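# Commentary on secondary and tertiary structure
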Amino acid sequence: MKYLFSRRSLVGLGLVALLSGRAHGQPVFRLGLTPVFLDNDAAVIDGLRRALSRGMGRDIELVQRRTYQEITGLLLDRSVDAAWLCGYPYLQHADVLDLVAVPVWRGGPRYQSYLIVGPEDGAEALSDLRGGTHAFSDPDSNSGYLVTATDLRRMGEQVESFFSRSIFTFGHRNVVRAVADGLVRSGSVDGYVWEALAVIEPDLTARTQVIARSEWLGFPPVCARGDSLNSEPVEALQSALMGLHATEEGRQALASLQLDGFQPATAGLFDGIAERMSDLDP
Amino acid sequence: MKWFAPIALSIKLPLLAAAMMVLVGTVASQQVLRSLAQVQDARIRELARMHVEGLSVALGPLVLRHDIWEVYDTLDRAAQAGEGRRMVLTAVADERGRVLAATDPRRVPMDSDIAALGGEAVTLDELSVDGAAPILSLLAPLTYQGRTVGQIATELDVSDLLAERRQALVLLILGNAIAIGLLSVAGFLAIRKMLHPVTTLARQMTESGGEPRPIPPLEIPQGDGELARLARTYNAMVGAVAARAEAERRLADRERFVALGRLSSSLAHEINNPLGGLLNATDTIRTFADRPEAVRRSADLLDRGLRHLRDVTRATLDQNRIDPEDRALGTDDFEDLKLLIQPEVSRLALDLDWLVHLDGADLSKIPAGPVRQISLNLLLNACAACRPSGRVGLRVCAAAHALTIEITNTGPGMPQAALDRLLGDGPMSPGGGVGLRLVRELVNGLGGRITHAHDHGATVITVAVPTHREAAHAQE
């Protein structure tokens, strides 16, 4: 995938390479990434890694896995030092995990879950999708599963019986592809990812239409184990994330991610998700 | 093939050559197309096998887990790759035949029955580009770790291969048509040129009224080839035939003079004998001029002798006349013959039986000359064949349709060589005269027939000549 942000990132990569000498002498920091829209673009991943590496003054290893569960597991068993999770798994393990930072998108730390269908589909709401096939992103994703599942629960329905078949694609971009290609009738997708794709892959999102948007919910945060929140590496990560907008490569990385920046997060940000969780599993 | 027979050789052979070329071209084209089809089939099978095996390896664990998205994602990425242009559709089903995913999910939805897609699908080994269908359907088992975990249905677009085959066919037809056309024209001209001497030979043999003419030297092919030798041999044969005809003509003339020569001594005797009596009569007239009775008797004697001489002379002249055929046969002719043969009969002291019965017969169509020559030759031969005191006979009778001349003699019989000359058309053995062959040719010319018999010490040669030539022709 080649687009404007990738080319800009490549310019920055050269500068980062020149200054990379600063990173020597520190242990490698491992940051886990959930499969957000950018996970299929090596240039975006690399730009983020280099920007954070420069900000933290050490090498960073970005660890990717297929499912949220795997990344959460890595964080819980300390295989990674921190991870960019989703609000839902964070709340599932809120007793162990703590918030490091939360991205700012379109001026705030919140996003929506979108319900999408094909462009020719006449459905106007979730209730119109009964008996169809549906694509979720991940069973541990807020926007890609929890929102729709709780909406159905609130309608008195079950995912398993409402849809004729539901599949997990383990990637928000995959949900958009599955709906756009006609593999499934509808999908639950991260609104931030859909909007970002609308910019960089408009042909893909043009083959879908959004029929429902959830309330604004807490954006997927960067988390660390609570017992390591005050450790030097995690604090270094926190300051690097907060200072991304201050450096050129940081701005390029943010631009690639279509984010405004990062800010400190509070637990109350995720109350909406917590509410849905309680609806789903009262 | 009767219609083919009347066509000239110079057309027939080039046509045959062109037909052979068409046949060879057709067979060769068929072989080329068959080879092309085999290559295409092998290519498409190999491609399909690689496709199925590659997908089996990639999809095996995904199908086992029923991981629909991953199955679809793998198929989709494979379809984006190069072979996607050939594989227009691929669908993967689980072991129960329920579709997990397809490259075109709208056409083959999830959970549909794969059998509905593969209605006319064939197995990998049956895959063939034969037929006009631009899309081939393949249904193959999806094997993973030695067991069948699902099925793969694939539609292959072979329109390019069919187009390639059609193009090859068109090119072959065009190429063959042009090549055969050019070669046929060239072959036609070449064979026509090669056959030109044969055409000339046939024309010289047939277009000259049955009388072969030599080929002009300019039309004889150069060199020493078969046709040049054939033309020269033909010219030599034409020359030999002409020389033979000339020799036979000369021999026939000579034979006539030979016959006359043989007669001349007898004639001299015939003339000489009465001369003594005539001279005596003139002496008597001179001596007894005063005795009117003696003068009258002598004058009568002179008259009879001179008349006899006149008859002999006339008969000889008639026999020797150059163009005697214009006159029709009559009783006089046989009287002449008797007059002519009598001296020979007398010289050889033979008895002559003479019976001519022509009353009422219509002999207007029978020329006198040939019949006289035939009869005279046969009579002379009969005389020569007889021993002294033998008997020679001529018996002529005219029936409604034929004049029969029967010559008999009491000689010892004709030798085989003489019979061959008289009764056959074969080549004459050297040494013999041509008189008997002349008889045969004259009889043939009259449309007649010769038979020979030797019985009770007598040889009988019978010549039957039709009184009407048209009737004879009709009978033939």
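Residues numbered from 1 in each chain as written. Chains lettered and ligands numbered in written order. Predicted model: local features only at pLDDT ≥ 70, side-chain atom pairs only at ≥ 80, totals over all residues.

## Section: the overall build of chain A
- What chain A contains, in helices and strands, is 12 helices and 13 strands.
- Put simply, chain A has 282 residues, and 51% of those count as buried.
- Sequence separation of at least 24 residues holds for 81% of the intrachain contacts in chain A that already meet a minimum separation of 6. (Helix = DSSP H or I, 4+ residues; strand = E, 2+ residues; numbered from the N terminus. Buried ≥ 20, exposed ≤ 12 C-beta atoms within 10 Å, placed from the backbone. Contact = placed C-beta atoms within 7 Å.)

## Some thoughts on the overall build of chain B
- Across its full length, chain B holds 11 helices and 9 strands.
- Burial status across chain B gives 26% buried among its 476 residues.
- Long-range pairs, those at least 24 residues apart, make up 65% of the contacts in chain B with a sequence separation of at least 6.

## Quick notes on the sheet that holds strand β4 (residues 147-157) of chain B
Residue and element names in this part refer to chain B.
- Read across the open sheet, the 4 strands follow the order β2-β1-β4-β3; overall the sheet is antiparallel. With one partner strand each, in any of the chains shown, β2 (99-102) and β3 (135-144) form the two edges of the open sheet. Geometrically, the sheet is characterised by an average inter-axis angle of 20° between neighbouring strands, direction not taken into account.
- When strand β1 (residues 87-94) meets β2, the two strands line up antiparallel, connected through 3 bridges. From the neighbouring strand, Ala93 faces β2, where its bridge partner is Val99. (Pairing = 2+ DSSP bridges. Axes fitted to C-alpha atoms, helices over the stretch in contact; angles between N-to-C directions.)

## Side note on the pairing of strand β6 (residues 113-117) of chain A
All names here are of chain A.
- Burial within β6 is extensive, with 5 of its 5 residues counted as buried.
- Because side chains alternate across β6, one face comprises the buried residues Ser113, Leu115 and Val117, and the other comprises Tyr114 and Ile116, equally buried.
- As judged from the 5 bridges shared by β6 and strand β9 (residues 186-190), these two strands associate in the antiparallel manner. Bridge pairing in β9 links Val117 to Ser186.

## Some details on the nonpolar core
- One finds A:Ala82, A:Cys223, B:Val71, B:Val92 and B:Ala101 to be the most contacted residues of the largest nonpolar core, which totals 112 residues.
- Non-local contacts of B:Val71, meaning those with residues more than four positions away in its chain, are made with B:Leu59, B:Leu62, B:Val63, B:Val92, B:Leu100 and B:Ala101.
- Listed in part, the 38 residues of the second largest apolar core include B:Leu329, B:Leu378, B:Ala382 and B:Val439. (Core = buried A, V, L, I, M, F, W, Y, C linked by C-beta atoms within 7 Å.)

## With respect to the confidence of the model for chain A
- Averaged over every residue, the pLDDT of chain A is 87; the share at 70 or more is 88%.
- Across residues 1-24 of chain A the pLDDT falls below 50, and counting only partners more than four positions away or on other chains, this stretch makes 34 contacts in the model. (pLDDT = per-residue confidence, 0-100.)

## Concerning the interface of chain B and chain A
- At the junction of the two partners, chain B supplies 9 residues and chain A supplies 10 residues.
- Of all the elements, helix α2 (residues 68-80) of chain B adds the most residues to the side of chain B that touches chain A, at 4 residues.
- Grouping the amino acids of the side of chain B that touches chain A by side-chain chemistry returns 6 nonpolar, no polar and 3 charged. (Nonpolar A, V, L, I, M, F, W, Y, C, P; charged D, E, K, R; others polar.)

## Description of the packing of helix α5 (residues 142-154) of chain A against helix α12 (residues 271-280) of chain A
All names here are of chain A.
- Interaxial distance between α5 and α12 falls to 9 Å at its minimum, and their mutual angle equals 50°. In terms of axis orientation, α5 runs oblique to α12. Crossing handedness for the pair α5 and α12: left-handed. Contacts from Asn142, Leu146, Val147, Ala149, Thr150, Arg153 and Arg154 in α5 reach Ile273, Arg276, Met277, Asp279 and Leu280 in α12. (Parallel < 35°, antiparallel > 145°, perpendicular 65-115°, else oblique. Left-handed = near helix turned anticlockwise from the far one by under 90°.)

## As for the sheet that holds strand β8 (residues 165-168) of chain A
Residues and elements named next belong to chain A.
- Strand order across the open sheet formed by 5 strands is β8-β7-β9-β6-β10, with mixed pairing between neighbours. Every other strand in the sheet has two partners, leaving β8 and β10 (209-213) as the edge strands with one partner each. Going from strand to strand, the sheet's axes swing by 25° on average, the running direction of each strand aside.
- Helix-sheet contacts for helix α7 (residues 172-180) involve β6, β7 (133-136) and β9, and the interaxial angle to β9 is about 155°.
- Along the sheet face, helix α8 (residues 191-200) touches β6, β9 and β10 and points at about 95° away from the line of β9.

## A short note on the environment of A:His134
Residue and element names in this part refer to chain A.
- Assignment of secondary structure puts His134 in strand β7.
- Sequence spacing of His134 and Val159 is 25 residues, and the spatial spacing of their C-alpha atoms is 9.3 Å.
- Sequence-distant contacts of His134, defined by excluding residues within four places in its chain, comprise Leu129, Phe163, Ser166, Val184, Arg185, Ser186 and Gly187.

## A closer look at unusual backbone geometry
- The phi dihedral of A:Arg78 falls on the positive side, at around 65°, and the residue is not glycine.
- Considering the arrangement of structural elements, one finds A:Arg78 in the loop between α3 (68-76) and β3 (82-84).
- With a phi angle near 55°, B:Ala349 is a residue other than glycine that sits in the positive phi range.
- Inspection of the secondary structure assignment puts B:Ala349 in the loop between α7 (331-347) and β5 (351-357).

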